[in-house]
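# Coordinate analysis (summary)
In case you want the letters, here they are:
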Amino acid sequence: MFGIPVPRYALVIRESPHEQLDYFVEEEDFVEVHGVRFWKPFVEKPIDADNHHIMIYYPSSAGGGMKELFRKVGNRSSEFHPEVRRVRREGSYIYEEFMPTGGTDVKVYTVGPEYAHAEARKSPVVDGVVMRNPDGKEVRYPVLLTPAEKEMAREVCIAFRQSVCGFDLLRSNGRSYVCDVNGWSFVKNSHKYYDDAACVLRKMLLDVKAPHLSSVIPPTLPWKVSEVLLPCESLTRQGSGINGTFGLAEELRCVIAVIRHGDRTPKQKVKLKVTEESLLNIMIKYNGGRPRSEAKLKSAIQLQELLDATRMLVPRTRPDRESDSDAEEVEHAEKLRQVKAVLEEGGHFSGIYRKVQLKPLKWVKVTNSNGEVEERPTEALMVLKYGGVLTHAGRKQAEELGRYFRNKMYPGEGTGLLRLHSTYRHDLKIYSSDEGRVQMSAAAFAKGLLDLEGQLTPILVSLVSKDSSMLDGLENASIEMEAAKARLYDLITSGTNTADSDESAEFPWTVDGAGLPPNASELLPKLVKLTRKVTEQVRLLAKDEDKKLAERRLYDVNTPYDQATALGKTNMDVDRIAAGLPCGSEGFLLMYARWNKLERELYNERKERFDITQIPDVYDSCKYDLLHNAHLNLEGLDELFKVAQALADGVIPNEYGINPEQKLKIGSKIARRLLGKLLIDLRNTREEAISVAELKKNQDDHTLSMKTEKEDAEAKSKLHHRNDEARRSTTSNTLSMNETPIDQDDDDEQTKYRLDPKYANVRTPERHVRTRLYFTSESHIHSLMNVLRFCNLDESLQGEESLVCHNALVRLSETRELDYMSQIVLRMFENTEVALEDPKRYRIELTFSRGADLSPLENNDCEATSLRQEHTLPIMGPERLQGTGSYLTLETMEKMIRPFAMPEEDFPPPATPAGFSGYFSKSMLERIVNLWPFHRQSSTVGKW
């Protein structure tokens, strides 16, 4: 009726506790009310307004669980319950779509339909810790409202017929929604608000009781007449903390970082053809009954059903190796046993890490019960993907890097980033690819960056946005990468040394296959031999474990798949290590399957051919077991690691191009969308900085003008009625300062929360920093780096220097691996003493970090031993990509990157959230704002 946007919702009314309702359906990841489906995460609110226990249920893809919101108790406002999956059924509830707000709530307080005061606070959804000031009050900061939000405040007052009230505002995906309205709410700690409220209430009372006085009495408080207006302090001045100082007038404006995920378990895949009826029936059940369509199993219910079927198919004992059993049947049984082991172990196959595909291969035509002929699949390919889980070490790395960013990347605030962020002068957005390890790395980083507490699932859902099209996938460059691998195979197996020319000595990165060891062809047979040696040791360990499993009695109860315990460990499992078991959830059976697969695929004896694409996987497994399973004392693992590292240091970088020209072509195809987004981020920051600078200049001019008017008024007052004239002048002054013109409001979707400088008790309210964090995989880090260092090789940029200096190019050519938590960071500074139109006003600083430091795996000193015991590798510090004293302008950066970036017009428009009611279109809002008479009347009191 009133057109106030609210999140999409539905009501579930029960006359008695646990009443069964025909219109209410609950499944693992959604509830359905009257045919309307609410996917997790969703909100569950009691209809009883006095019951403040609100629940948020998280999807299994993010780890599941529930967060309970409640009235503040001490410094807590919510608690996370990872084991709770089912909704409440003892009462009546409102089910509401969860609106991601970036971890911030907005509280709006009205005094009549023409006045609204807004304050932002940390959302209880994030970690449930209440931020309090020294007086024990919750920390809140005033923020500006958009024109649409002002109209919403007006409509709330009218709809509830309550002039003094408060409501909660959710800002999500560029739109705002009202989710709660409270009667008689007041701002907790703002003298300015109470002064304004007093003026508004006095005018409302006079309009009703003494209208003849309403227009006579000035709309200001008497004691405000003689109050001196204090000018705002200037912005904090500071230079770069990493790349030297370029003058005291530099101000940090933007931090952009592209970051690889943290330490993970090795990625694994099992493929087997299945003909068993029970498995084919599961495929038919979950592919919609279409015989030629594949089925994807991800949820815990689907995986439990698959596990139950697999348990019935796996033989209790292995056939003797010397028996006459068919070799294919033995291999098939082994793979089924591996599938069963993966599903039962859980740790590597959980939540956002698990995936099973069933693809039909063969069909027959059968006649069904109705006499109709239909197709029925008789054989399918099962593909099981597991592993790649963020380890306890990976979470620790991500949190520590977040803390480093907090304290080192935002200088000039004394307390680092936290003060800047808590006062809503920090515009933060975090993006992640679709991979579970990448998402959890982003959440752990955010936890360290913002000094949060508690589990990662609520942080992930509240603060991290997935963008797989920008941060996932290699399909665009698949043809070029296959060509690079083919050429790479020839270089390795032929033994050709391409680094003999004089040019290669000065520019070693320009030759084909740069980084390959000269004896690569000799190292390959050694790699195979050592891999077999390690695999055999793991096979014996797995054989002992299998004997113990075989001793189980047939009537032993198999525990169901427990998703709550299946997420990656947050701490090292000391008990497993003390018992001589592998770290994490991997048992010896899965460990053997991992090494056995590498041994089989690394070298094909029948074809006498090496598969060089397996070299990174061998290196990956070596590195993982040296760090996490050193206590198993596998003989030859150290030597295998050195051989695999030497080969991988040459293979991995060359998979993305064997020379600079090919690296640039492949990199631009993989990172095209990401490069376009980075340019948009930098452009938006510049436009925002220009707007702030122009606004500040106008305010300074306005202040000077008002000062001149005041001096003239005082001069006149000495001649004519000094006191009356002075009071009128000051009244006019105060009114001007209280008004907030509509065209100064920030309605930019990129900046959702903007500190209101008139109400904020902050020394530098104008300061504003934009942060964009992009978490991705190794491929995008290599691709982005290749574009940055070789962009000048493009035909359109002939004659231009590289964005990366010569010394950095040399270091990068010697840096073979961009390991876990490696990152590329762009920081943009503004020189406020340079003219707005001068290109040197905006400077770009480029740094990178190689990520995890491998020296603890390569050395045997005391420090290395200590780090090995913690299963954690430290993160290398940032290195400059530019020469000391160099000056890279934003204009140059844009010119060098634009040929490889997706144009802005090719980016799809932001999607409208499903919960948007559609009441406000942009044209309608503009008409409403223009029709409001009180926005054009200079006598109106109030802050909007």
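Report follows, based on the coordinates. Bear in mind the structure is a predicted one, so any value in this text is a computation, not a measurement. (Residues numbered from 1 in each chain as written. Predicted model: local features only at pLDDT ≥ 70, side-chain atom pairs only at ≥ 80, totals over all residues. Heavy atoms only, no water.)

This next bit is on the packing of helix α17 (residues 615-628) against helix α18 (residues 637-654). Think of two packed helices as two axes; the pair is described by the angle between the axes and how far apart they sit. It is the contact of α17 with α18, at a shortest axis distance of 8 Å, that shows an interaxial angle of 135°. As summarised for this structure, α17 and α18 are arranged oblique, according to the angle between their axes. The crossing of α17 and α18 is left-handed. Facing α17, whose interface residues are Ile615, Pro616, Val618, Tyr619, Cys622, Lys623, Asp625 and Leu626, α18 presents Leu637, Asp638, Leu640, Phe641, Ala644, Gln645, Leu647, Ala648, Val651 and Ile652. A breakdown of the residues in the contact of α17 with α18 according to their chemical character gives 14 nonpolar, one polar and three charged. (Axes fitted to C-alpha atoms, helices over the stretch in contact; angles between N-to-C directions. Helix = DSSP H or I, 4+ residues; strand = E, 2+ residues; numbered from the N terminus. Parallel < 35°, antiparallel > 145°, perpendicular 65-115°, else oblique. Left-handed = near helix turned anticlockwise from the far one by under 90°. Contact = heavy atoms within 4.5 Å. Nonpolar A, V, L, I, M, F, W, Y, C, P; charged D, E, K, R; others polar.)

So, on to the nonpolar core. Ranked by internal contacts, the top residues of the largest apolar core, which has 47 residues, are Ile492, Leu527, Trp595, Ile615, Val618, Leu640 and Leu647. Elements with a minimum of two residues in this core: α12 (478-494), α14 (520-550), α16 (588-602), α17 and α18. Those residues within four positions of Ile615 in sequence are excluded, and the remaining contacts are Leu524, Leu527, Ala644, Leu647, Ala648 and Val651. Grouped together as the second largest cluster of nonpolar side chains are 45 residues, Met785, Ile824, Met828 and Met896 included. (Core = buried A, V, L, I, M, F, W, Y, C linked by side-chain atoms within 4.5 Å. Buried < 20%, exposed > 50% of the residue type's maximum accessible area, 1.4 Å probe, protein only.)

What follows deals with unusual backbone geometry. Look at the link from Lys40 to Pro41: it is a cis peptide, with omega at 5°. Along the chain, the position of Pro41 falls in the loop between β4 (36-39) and β5 (42-46). For Asn173, which is not glycine, the phi torsion reads 55° and is therefore positive. By secondary structure assignment, the location of Asn173 is in the loop between β13 (164-172) and β14 (175-183). Residue Asn173 is classed as partly exposed on the basis of its relative accessible area, which comes to 44%.

In this section: the sheet that holds strand β12 (residues 141-142). The sheet built from five strands is open, its strands ordered β12-β11-β10-β13-β14 with antiparallel pairing. Both edges of this open sheet fall to β12 and β14, since each of them pairs with a single strand only. Across six bridges, strand β10 (residues 104-111) lies against β13 in antiparallel orientation. Counterpart to Val108 in the pairing with β13 is Phe167. Those strands touched by helix α2 (residues 191-209) are β10, β11 (116-122) and β13, and its axis lies near 35° from that of β10. (Pairing = 2+ DSSP bridges.)

It is worth spelling out α18 at this point. Owing to its 3.6 residues per turn, the α-helix brings residues three or four apart onto one side. The end-to-end C-alpha separation of α18 is 25 Å, in line with the 26 Å expected for 18 residues at 1.5 Å each. Remark: the principal bend of α18, roughly 35°, maps to Ala648. The element α18 is extensively covered by neighbouring structure, given that 14 of its 18 residues are classed as buried. (Expected span 1.5 Å × (residues − 1). Bend = angle between axes of the 7 residues up to and from the residue.)

Within the secondary structure layout, Tyr887 lies in the loop between β27 (879-880) and β28 (888-889). Within the structure, the side chain of Tyr887 is placed 2.6 Å from the backbone oxygen of Lys840, a separation counted as a polar contact. (Polar contact = N/O pair within 3.5 Å; in protein donor to acceptor, adjacent residues only side chain to side chain.)

The next thing to look at is the pattern of salt bridges. A side chain of one charge can pair with a side chain of the opposite charge if their charged atoms are brought near each other. Scanning the model with the defined rule gives 56 salt bridges in all. The shortest N-O distance in the salt bridge between Glu879 and Arg850 comes to 3.1 Å. Here the residue Glu879 occupies a position in strand β27, and Arg850 occupies one in the loop between β26 (842-849) and α24 (855-858), the gap between them amounting to 29 residues. Taking the relative accessible area as the measure of exposure, Arg850 reaches 29% and is therefore partly exposed. Taken together, the salt bridges that share partners define one network made up of Lys72, Asp105, Arg121, Glu138 and Arg140. (Salt bridge = Lys/Arg side-chain N within 4 Å of Asp/Glu carboxyl O.)

Turning next to the packing of aromatic side chains. Scanning the entire structure with this criterion turns up 15 aromatic pairs. Considering the side-chain rings of Tyr619 and Phe641, the 5.7 Å spacing of their centres and the 25° angle between planes classify their relative orientation as stacked. Here Phe641 lies in helix α18 and Tyr619 lies in helix α17, a separation of 22 residues in the sequence. Note on Tyr619: relative accessible area 1%, which makes it buried. Above the face of the Phe38 ring, Arg8 is positioned so that its terminal group lies 4.5 Å from the ring centre. (Phe/Tyr/Trp six-rings, centres within 6.5 Å; stacked < 30°, edge-to-face > 60°. Lys NZ or Arg CZ within 6 Å of the ring centre and 35° of its normal.)

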